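# Fold and geometry: a report
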Amino acid sequence: MDITLIFFVGLFFALIGVIPPGLLNMTAAKISLKEGHVRGIVFSIGVTLTVFAQTYIAAIFARYLSKHPETISVLRSVALVLFVLITIYFLFIAKATTKKEIKPKVKSKHSRFFQGILMSAINVFPIPYQAYITISLASVKWINFEISSIIAYVLGAGMGTFVMLYIYIFFFDKIKGKSLTSQKNMNRIIGGITGVISVVTFVIIIKNLYSI
């Protein structure tokens, strides 16, 4: 596939991964609201730099797994179980909780930058997510594991993450009072996304079983 298309594929799947309201995008939005857009963007840049590294690690891991198909089948089954459990939790178990809002101390731009790096590093979900996406894309020949393709995908994933954080920063004012941002609807969105991934993973497993 063309390098430019690989870039936009990485951007698209990163956007999908960051769409649900979560710790990083909501933090970026809140920093922007309370301290200004510039500091929200600085925080987002810190997040994006970590995502570059996480996506690269995921791609290298996926390249290794592509050479060991028996390992992929086991991990895919484990992933299915995890996604199903996450879906059940967010759709049927998780309840809305009201947290007391604490006014944060105003921090410098540099501290917001390193806060973005740290919070993104703690959030390790992008690594298994991107590894799974990369393996799936490679299986349908949308991406290969040449260094140029990996770099294009990594750049796209980082840019996709930044774009979605940027959208949260500048549009959170318009949606913060609506039901979209309630904890109950956050749970439904996350549960819906993991549910779709569960179905896709299940279909792939069944397809592979019949192809043996």
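Residues numbered from 1 in each chain as written. Predicted model: local features only at pLDDT ≥ 70, side-chain atom pairs only at ≥ 80, totals over all residues. Heavy atoms only, no water.

For the rest of this paragraph, the subject is the packing of aromatic side chains. Scanning the entire structure with this criterion turns up five aromatic pairs. With 6.2 Å between their ring centres and 40° between their planes, Phe162 and Tyr166 make a pair best called tilted. Taken as a pair, Phe162 and Tyr166 lie in helix α7 (residues 147-175) at a separation of four residues, close to a single helical turn. For Tyr166, a relative accessible area of 39% gives the class partly exposed. Pairing Tyr166 with Phe170 gives two aromatic rings, centres 4.7 Å apart and planes at 45°, and the pair type is tilted. Of this pair, Tyr166 and Phe170 both sit in helix α7, four residues apart, which is roughly one turn of the helix. An aromatic cluster is present here, built from Phe162, Tyr166 and Phe170 joined pairwise through their rings. (Phe/Tyr/Trp six-rings, centres within 6.5 Å; stacked < 30°, edge-to-face > 60°. Helix = DSSP H or I, 4+ residues; strand = E, 2+ residues; numbered from the N terminus. Buried < 20%, exposed > 50% of the residue type's maximum accessible area, 1.4 Å probe, protein only.)

Attention shifts here to the pattern of salt bridges. This structure, assessed with the given rule, holds two salt bridges. Glu35 is the salt-bridge partner of Arg39, the closest N and O atoms lying 3.7 Å from each other. Taking the relative accessible area as the measure of exposure, Arg39 reaches 22% and is therefore partly exposed. Residue class for Glu35 comes out buried when judged on its relative accessible area of 17%. Notably, a salt bridge pairs Arg112 with Glu35, separated by 2.2 Å at the nearest N-O pair. In this pair, Arg112 sits in helix α5 (residues 109-122) while Glu35 sits in helix α2 (residues 23-35), placing the two residues 77 residues apart along the sequence. With relative accessibility at 4%, the residue Arg112 sits in the buried group. (Salt bridge = Lys/Arg side-chain N within 4 Å of Asp/Glu carboxyl O.)

The next point concerns the side chain of Thr50. Within the secondary structure layout, Thr50 lies in helix α3 (residues 37-66). Apart from residues lying up to four places away in sequence, Thr50 is in contact with Ile117, Ser120 and Ala121. (Contact = heavy atoms within 4.5 Å.)

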